[in-house]
Amino acid sequence: MVRCKRTWGLEIHHKRIDGGNDLGNAQVLCQKCHENTSSYGSPDHKTPPAFSEETKKAALKRAEHRCECTKGACCL
């Protein structure tokens, strides 16, 4: 499995728009990978509430402060 190697510009992405703000719905992505998600910047996309600082810190720790994207194409 190829994983993005970026460790900077990390953002916490909602995996599912209606999935809530808990750690299970949080994915750490670098800015480039986040921009390549299907929902990023879409005018039809309803922005969910922001994650708490506690959830952001837990997501970063779980991801070892690295982008969790495994798509490969957006990471090049």
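Quick note: structure is the one above.
Before going into details, it helps to say that this report is about the structure given with it. What you see is a predicted model, and the numbers here were worked out from it, not measured in a lab.

A word on the pairing of strand E2 (residues 26-30). For a regular strand, side-chain orientation follows a simple rule: the groups alternate between the two sheet faces. Summarising burial for E2: four of the five residues are buried, a large majority. Bridge count between strand E1 (residues 10-14) and E2: five bridges; the pairing is antiparallel. Residue glutamate 11 lies in a different strand from E2, and its bridge partner there is leucine 29.

Turning our attention to the pattern of salt bridges. As enumerated under the stated definition, the model contains two salt bridges in all. Between lysine 56 and glutamate 53 there is a salt bridge whose closest N-O contact spans 3.3 Å. You can see lysine 56 and its partner glutamate 53 sitting in helix H2 (residues 53-62), three residues apart, about one turn around the helix. Note that arginine 62 and glutamate 68 form a salt bridge whose closest N and O atoms lie 3.5 Å from each other.

Before going further, it helps to examine the side chain of threonine 37. Counting through the fold element by element, threonine 37 comes out in the loop between helix H1 (31-35) and H2. The class for threonine 37 is buried, based on a relative accessible area of 13%. Reaching out from threonine 37, the side chain makes a polar contact with the backbone oxygen of histidine 34 at a distance of 2.8 Å. When residues no more than four places from it in sequence are discounted, the contact partners of threonine 37 are His13, Leu29 and Lys71.

Turning our eyes to something else, we now look at the environment of isoleucine 12. Note that isoleucine 12 resides in strand E1. Sequence separation between isoleucine 12 and glutamine 31 is 19 residues, and the spatial gap between their C-alpha atoms is 9.5 Å. Isoleucine 12 has contacts with Ala26, Gln27, Val28, Phe51, Lys56, Ala59 and Leu60, leaving out every residue within four places of it along the chain.

Definitions and limits used
- Residues numbered from 1 in each chain as written.
- Predicted model: local features only at pLDDT ≥ 70, side-chain atom pairs only at ≥ 80, totals over all residues.
- Heavy atoms only, no water.
- Buried < 20%, exposed > 50% of the residue type's maximum accessible area, 1.4 Å probe, protein only.
- Helix = DSSP H or I, 4+ residues; strand = E, 2+ residues; numbered from the N terminus.
- Pairing = 2+ DSSP bridges.
- Salt bridge = Lys/Arg side-chain N within 4 Å of Asp/Glu carboxyl O.
- Polar contact = N/O pair within 3.5 Å; in protein donor to acceptor, adjacent residues only side chain to side chain.
- Contact = heavy atoms within 4.5 Å.

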